[in-house]
Amino acid sequence: MATKRVSDVQSSAEMASEKKQKQVRVWVDGCFDMVHFGHANAIRQARQMGDYLIVGVHSDEEISKHKGPPVYNEQERYKMVRAIKWVDEVVEDAPYVTTLETLEKYNCDFCVHGDDITVTADGTDTYHLVKAAGKYKECKRTAGVSTTDLVGRMLLVTKSHHERDEEKAVDKNQAGDIGSGSTASSPWTGVSQFLPTSNKIIQFSSGKEPKPGDKIVYVAGAFDLFHILLLMNGFI
Ligand code: CTP
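Keep in mind it's a predicted model, so treat the numbers as computed, not measured.

Colleague: Could you give an account of the overall build of the chain, with specific residues and numbers?
Modeller: The helix and strand inventory of the chain stands at 10 helices and 5 strands. Burial statistics for the chain: of 236 residues in total, 34% are counted as buried. Long-range pairs, those at least 24 residues apart, make up 74% of the contacts in the chain with a sequence separation of at least 6. Summing over all exposed atoms, the chain offers an accessible surface of approximately 15100 Å²; the carbon and sulfur share of this is 55%.

Right, here's the structure in full:
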């Protein structure tokens, strides 16, 4: 039976420890305007796919060029994202189209994005380069919440904007098929269907149990529209 030489044993031990040490670095980018739990959930999922998460945030100029001006300016958005607990590093002024050079520059193994398509002003998939290179992974987009919807709710200033489209249609005895037309329910609009199951709560919590003698603080509030002060106080 062949016996392993000491040098072989050492090299395989080294390899194992190198493998153990190899940190998986993940890249996520986006506008992150009026940060909401859909953004936080994407960031949480991306962080779970690796060991270190870098979030690239687009500048006001880039967003205005491809999508329209954001509500929060870039400095506000950088701070908001930096305050999310799963974020290890923020890259300011990240390009709208994710390039391989960007991933290489920050030593990232792959890029993560929600399972929706994001396009440039001329309709090009913003992730076409990383997709072609096999460096793209998807996380599940959170249904029922988007910046556009939040802005829409504020503009409408109605008392019934928490009702689902279906309920509104039934209440008002509106005829018509709720699956089509302008009242159609869509995963990107309408009221959030984010169920706070115990599994979800565990995913979002730090998992730290209070030790005997720890001071436990309870904070109550409406927490409508997260903003930088809430985030900096550790609510996400
Ligand atoms: N995202 C998500 N669920 C949502 C909204 C966004 O998972 N309900 C994810 C996107 O897929 C992306 C990241 O959050 O990976 C950042 O999204 P962003 O560029 O800020 O914008 P949008 O996708 O357009 O979302 P919104 O309109 O809500 O800003």
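Additional details are given in the paragraphs that follow.
Colleague: An account of the site of the ligand is needed here, citing residue identities and associated values.
Modeller: Surveying the vicinity of the ligand reveals 17 residues, the closest of which are Phe32, His36, Thr142, Val145 and Thr147. The separation between a nitrogen atom of the ligand and a polar main-chain atom of threonine 142 is 2.8 Å. In this structure, valine 145 approaches the ligand through a main-chain N or O atom, which is 2.7 Å from a nitrogen atom. For the ligand, whose unbound accessible area comes to 550 Å², protein coverage reaches 93%. Every element with two or more residues in the shell around the ligand is listed here: α2 (37-48), β4 (110-114) and α7 (147-156). For the shell around the ligand, the element with the most residues is α2, which contributes 3 residues.

Colleague: Any chance you could break down the side chain of threonine 120 for me, citing the residues and the numbers?
Modeller: With respect to the helices and strands, the residue threonine 120 is situated in the loop between β4 and α6 (128-132). With a relative accessible area of 7%, threonine 120 lands in the buried category. For threonine 120, the side chain forms a polar contact with the side chain of aspartate 122, separated by 2.5 Å. Other than its neighbours up to four places away in sequence, threonine 120 contacts His66, Tyr96, Val97 and Thr126.

Colleague: Residues and numbers for the nonpolar core, please.
Modeller: Judged by nonpolar contacts, the single largest core of 24 residues is most densely connected at Phe32, Ile43, Val55 and Val81. Residue assignment for this core shows that the elements contributing at least two residues are β1 (25-30), α2, β2 (52-57), α4 (74-82) and β4. Here this core gets 4 residues from one element, more than from any other, and that element is α2. Those residues in contact with valine 55 that lie beyond four places of it in its chain are Val28, Phe32, Ile43, Val81, Val87, Glu89, Val90 and Val91. Core analysis: the second largest hydrophobic core is formed by 11 residues, Trp27, Ala94, Cys111 and Tyr136 among them.

Colleague: Tell me about the sheet that holds strand β3 (residues 89-92), residues and numbers included.
Modeller: Reading across the sheet, the 5 strands line up as β3-β2-β1-β4-β5 and stay open at both edges, with parallel pairing between neighbours. Only two strands of the sheet have a single neighbouring strand rather than two, namely β3 and β5 (136-139). Averaged over neighbouring strand pairs, the angle between their axes works out to 30° when direction is ignored. As judged from the 4 bridges shared by β2 and β3, these two strands associate in the parallel manner. Each residue of the ladder has a partner; that of valine 57, found in β3, is glutamate 92. Contacts from α2 reach β1, β2, β4 and β5 within the one sheet, and its direction differs from that of β2 by about 140°. Sheet contacts for α4: β2 and β3; angle to β3, the most-contacted strand, approximately 165°.

Each value, and the rule that gives it
- Residues numbered from 1 in each chain as written.
- Predicted model: local features only at pLDDT ≥ 70, side-chain atom pairs only at ≥ 80, totals over all residues.
- Heavy atoms only, no water.
- Helix = DSSP H or I, 4+ residues; strand = E, 2+ residues; numbered from the N terminus.
- Buried < 20%, exposed > 50% of the residue type's maximum accessible area, 1.4 Å probe, protein only.
- Contact = heavy atoms within 4.5 Å.
- Areas by Shrake-Rupley, 256 points an atom, 1.4 Å probe, with all protein chains shown as cover.
- Near = heavy atom within 4 Å.
- Polar contact = N/O pair within 3.5 Å; in protein donor to acceptor, adjacent residues only side chain to side chain.
- Core = buried A, V, L, I, M, F, W, Y, C linked by side-chain atoms within 4.5 Å.
- Pairing = 2+ DSSP bridges.
- Axes fitted to C-alpha atoms, helices over the stretch in contact; angles between N-to-C directions.

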